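Tertiary structure, described
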Amino acid sequence: AQKVTQAQTEISVVEKEDVTLDCVYETRDTTYYLFWYKQPPSGELVFLIRRNSFDEQNEISGRYSWNFQKSTSSFNFTITASQVVDSAVYFCALSEAALTTDSWGKLQFGAGTQVVVTP
Amino acid sequence: EAQVTQNPRYLITVTGKKLTVTCSQNMNHEYMSWYRQDPGLGLRQIYYSMNVEVTDKGDVPEGYKVSRKEKRNFPLILESPSPNQTSLYFCASRGTVFSYEQYFGPGTRLTVT
């Protein structure tokens, strides 16, 4: 069975500080996809990144960066020089790729981490 | 514009009054699903559909029904809503068996009193 753990319920930072969100996952599938979504106070889900299990390269997109470590089953997300607009709930999610699994197609979400950035 | 739409966006209802939340996508996607979001639990899959007339239960199907008569539509039906179904609901779609990006609707906030 697949599982995603986001142990941090809430993180509060002051603007310009860096913040790292942890994500640990469990899966028996060898091929899978990992995602991060942002949910601002307005409620919609905003797709941030998708990473497949064969691509362990870290990725940077502006102030966002992601660290994928298969050896520790982690896919952590860092916001550099945080801004008030980064205040949101962030979800990590996993999707197994094998058609034979019962959970194929399903996104397994973590509980989410609330990030609060104060001026 | 490629999108998933849901209606209504907000709904307050009473226990036992049947309701339907509609979901429609304009991308000709085969796979559609419903999730509910609750504090501390993240999003959990309710039902999914791999194509027209093919639906199956997700992790939390109790109290819900779905149908997939057309490729673009995937309504969520609550025959007899109860307060524990108060939640934020998301519809999602993805293209084919080989596409792993899910497109989410804007969400429907449901309150059952």
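Structure's up top.
Remember, predicted model here, so these are calculated numbers, not experimental data. (Residues numbered from 1 in each chain as written. Chains lettered and ligands numbered in written order. Predicted model: local features only at pLDDT ≥ 70, side-chain atom pairs only at ≥ 80, totals over all residues. Heavy atoms only, no water.)

1. Here we look at the nonpolar core
Residue and element names in this part refer to chain A.
- Counting 24 residues, the largest nonpolar core has Leu-21, Trp-36, Trp-66, Phe-77 and Tyr-90 as its most contacted members.
- Breaking this core down by element, the ones donating at least two residues are strand 2 (10–14), strand 3 (19–21), strand 5 (32–39), strand 6 (46–52), strand 8 (64–69), strand 9 (74–79), strand 10 (88–96) and strand 12 (113–118).
- Take this core: its biggest share by element is four residues, from strand 10. (Core = buried A, V, L, I, M, F, W, Y, C linked by side-chain atoms within 4.5 Å. Buried < 20%, exposed > 50% of the residue type's maximum accessible area, 1.4 Å probe, protein only. Helix = DSSP H or I, 4+ residues; strand = E, 2+ residues; numbered from the N terminus.)

2. Some thoughts on the interface of chain A and chain B
- Listed as interface residues are 23 residues of chain A and, on the opposing side, 20 residues of chain B.
- Where chain A abuts chain B, roughly 1800 Å² becomes buried across the two surfaces, and 59% of that area is made up of carbon and sulfur atoms.
- At the surface where chain A touches chain B, the tally comes to one salt bridge.
- Measuring nitrogen to oxygen at the nearest pair gives 2.8 Å for the salt bridge that ties B:Asp59 to A:Lys106.
- Linking chain A with chain B are three residue pairs in polar contact (both at pLDDT 80 or more).
- Secondary structure elements with two or more residues in the side of chain A that touches chain B: strand 5, strand 6, strand 10 and strand 11 (108–109) of chain A.
- Of the residues that constitute the side of chain A that touches chain B, the class distribution is 12 nonpolar, six polar and five charged. (Contact = heavy atoms within 4.5 Å. Buried area = accessible area lost by both parts, 1.4 Å probe. Salt bridge = Lys/Arg side-chain N within 4 Å of Asp/Glu carboxyl O. Polar contact = N/O pair within 3.5 Å; in protein donor to acceptor, adjacent residues only side chain to side chain. Nonpolar A, V, L, I, M, F, W, Y, C, P; charged D, E, K, R; others polar.)

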